[in-house]
Each structure stands twice: as structure tokens, then as C-alpha cells.
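Understanding the architecture of this molecule
Each chain is listed here by its residues.
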There are 2 protein chains.
Amino acid sequence: MAMISINLRDSRPIYEQVKDAFRRLIISGALTPEEKLPSVRELAAQLVINPNTIQRAYRELEAEGYISSIPGKGSFACAKSSIDDSRVRELLKVFDDSVTELLFLGKSPGELKSRIDGKGDAQK
Amino acid sequence: MAMISINLRDSRPIYEQVKDAFRRLIISGALTPEEKLPSVRELAAQLVINPNTIQRAYRELEAEGYISSIPGKGSFACAKSSIDDSRVRELLKVFDDSVTELLFLGKSPGELKSRIDGKGDAQK
DNA sequence: TTACTGTACCACAGAACCTAATACAGCATG
DNA sequence: CATGCTGTATTAGGTTCTGTGGTACAGTAA
């Protein structure tokens, strides 16, 4: 039942941790399209944080297209087809920048490529 | 002479923008090892921001091993051999996470690999 | 000496983050 | 209908982060 967990001692904002956690669940397939997420109040109670913080995470996840919230019903995971294109562009920039710096620091292109192949099946 | 520029309307902290800017200069080779960076006060005057903000950026870049600051002399770019290992681990995590999400969103492994190859010569 | 360098410290303002409490409307169940 | 859930919005307050402004000290070089 404890779908996600957060770390109050982390420097990253709680709402960002919540966003990342649900993105991972969706990416890994642990949360399938149309599947219901915990309600704002329920999750806030589980994590012992304020409902407003959860609401912010859900609102931003919805803006990215990862989830869809319906008043009175709940929040639900979306199919990947509905994820916003700007999210892809953002990720590509992160990818490119990390590659550039890793290559500079001595990593070989082959080593980075093999890391991509390692993602086929196991999700960690 | 304007080595870097910052955007006050950006949501990211100024000192983070400064850090990224100098990392890019070093990575691209525009700033070679032992080369001198602008002084704290000089750069602050150029960018019209507070010297303390520059100082923070320099301090953190030094902790990562990208630059070395010597009281009375100045701050200088370092050779890549002195960059901290934790920076590499951090970058690998960013790389892996972006790959996982990009693959989920429909990008093919081949497309990502070709992006790695595109970094051999041109730098942006 | 003079002028530059990095570094440290303090106080202050504004923004971001988070909490707390309340309220309203939509949906589903009995 | 009525109860209880759902998302959503609003207001207020506290804490932390970010950035500014000013001052000070020590090391380096002309």
C-alpha cells in the first residue's frame, strides 16, 4: 500500500520527490494506464505531509500528461501517448548535456551505449 | 570578455547558472587547465550581481574539482583528472534516469546512441 | 605601499517551500 | 436525498533558500 516514500532530509522539494516517484512507477509499468493513484488526502496522511504538497505534485504531473485528475473521482495514470512533447525535449537536453560531460570526463561512447542496452528488461 | 551570461528571469538560482556556464566552458575546451577565471568581484560587476553569489558558485565548482581557487592569486580551471568521482556518479544517475524515461516515451535505443556519436567533434 | 586576489561574516529583503485550516463542487454509494 | 469520498481553491503563517549590501581580513604582486 505504501506506493512511494519521501525523504524530508533531502534537499529536493517534497513535491518534486513525489512527482519523480510516480513518474518512475508509471515508467516501470508498476502503474498502468487508467490505474488509480492514491487520493490527495490519503497519500498526504500516509506520508505525513500536507495535502497541498501532494496537490501541487499531482497538478504538475497532470500538466506533463503523466496523470489525469477528475474532480469527484480521483487521479489516474495516463497512457504514454498523452505525455507532453515538451517533456521529451526537456529529457533530451538532460540526456545530451550529461553525455557531453561524461565524455569529457573520460567515459567512452561504448560504455554509455552499453548502459542504454542494459535497460531492455530489468528495471532495477 | 563576456565569458558567460545569466538570466535573472530563469527559475534556476543564479549561482547554479554560473556553475553550469563555467562547467560548459571547461568541457568545451574554451577554458583550458591552469587558465584563469574572472575574479569574483570582476565577474560580479560584469553580470551586475552580488560578489557573494559568484563566490558561492566558485566555492562549489572547487568542491567538484572543476576549478581551484588560490587566495591572492585567483581561480583557475583544473585538469579533468581532478574532477571528483562523485560528480561522475551523479552524472551517470542523471544519464540512466533520462534514458529510462526516454525509452519509455518511445525513443529507440538506436536514436539515443546516435546522439552520443554526434558529440565527437561539434560542441552544440 | 598600493591594489588586486580569495575568503569570511553579518544583516536584510524577497522568493520558494511547506503547513494549517477552511471551503466548495463533483461523484458514488446506500 | 444524504453521507462520504474525490479534486480544487483560497488564505494565512512559518521556515528555509536565494540574493543583496556592506564590511573585514589575509595572501599575492606590482
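In the block above lies the structure referred to throughout.
Report follows, based on the coordinates. (Residues numbered from 1 in each chain as written. Chains lettered and ligands numbered in written order. Predicted model: local features only at pLDDT ≥ 70, side-chain atom pairs only at ≥ 80, totals over all residues. Heavy atoms only, no water.)

Comments concerning the packing of aromatic side chains
Heads up, the condition is: Within 6.5 Å between ring centres, the rings of Phe, Tyr and Trp (the latter by its six-membered ring) count as paired, and their orientation is classed by plane angle as stacked under 30 degrees, edge-to-face over 60, tilted in between. Runs of E in the DSSP output that reach at least two residues are strands. Runs of H or I that reach at least four are helices, and both are numbered from the N terminus. Relative accessibility under 20% of the residue-type maximum defines a buried residue, over 50% an exposed one, and the middle range a partly exposed one, all with a 1.4 Å probe and only protein chains included. Only when the NZ of Lys or the CZ of Arg is both within 6 Å of the ring centre and within 35 degrees of the ring normal is a charge said to sit over the ring.
Applying the stated rule across the entire model yields three aromatic pairs over all chains. Pairing F95(A) with F95(B) gives two aromatic rings, centres 5.5 Å apart and planes at 25°, and the pair type is stacked. Here F95(A), found in helix 4 (residues 85-104), pairs with F95(B), found in helix 4 (residues 85-104), and the two come from separate chains. By the burial criterion, F95(A) is buried, and F95(B) matches it. With a centroid separation of 5.7 Å and an interplanar angle of 80°, the aromatic rings of F22(B) and Y58(B) are classed as edge-to-face. Linking F22(B) in helix 1 (residues 14-28) with Y58(B) in helix 3 (residues 51-64), this pair joins segments that are 36 residues apart in sequence. F22(B) sits in the buried class, given a relative accessible area of 0%. Overall, Y58(B) belongs to the buried group, its relative accessible area being 3%. Against the face of Y15(B) rests R56(B), its NZ or CZ located 3.8 Å from the ring centre.

Points about helix 1 of chain B
To keep things clear, this is the line we draw: An expected span of 1.5 Å times one less than the residue number is assigned to each helix. In this description, contact between two residues means that some pair of their heavy atoms is separated by no more than 4.5 Å.
For helix 1 of chain B, spanning 15 residues, the distance from its first C-alpha to its last is 21 Å, which sits close to the expected 21 Å at 1.5 Å a residue. The buried fraction of helix 1 of chain B is high, at eleven of 15 residues. Within helix 1 of chain B, the full set of buried residues consists of Y15(B), Q17(B), V18(B), K19(B), D20(B), A21(B), F22(B), R23(B), L25(B), I26(B) and I27(B). Lining the buried residues of helix 1 of chain B we find helix 4 of chain A together with helix 2 (40-47), helix 3, strand 1 (67-70), strand 2 (74-77) and helix 4 of chain B.

Concerning the interface of chain B and chain A
By a frequent convention, interface size equals the accessible area lost on bringing the separate parts together. Quick reminder of the rule: The term buried area means the drop in 1.4 Å probe accessible area that two parts suffer when joined, counted for both and summed. Salt bridge, as used here: a side-chain nitrogen of Lys or Arg that lies within 4 Å of a carboxyl oxygen of Asp or Glu. Polar contacts here mean pairs of N or O atoms no more than 3.5 Å apart (in protein, one a potential hydrogen donor and the other a potential acceptor; neighbouring residues in sequence count only if both atoms are side-chain atoms).
Each partner contributes residues to the interface: chain B has 33 residues there, and chain A has 33 residues. Both sides together, the interface formed by chain B and chain A hides about 3500 Å², and carbon and sulfur atoms give 70% of it. Here chain B and chain A share eight salt bridges between them. With a shortest N-O distance of 3.0 Å, D97(A) and R24(B) are connected by a salt bridge. In this assembly, chain B and chain A are joined by ten residue pairs in polar contact (both at pLDDT 80 or more).

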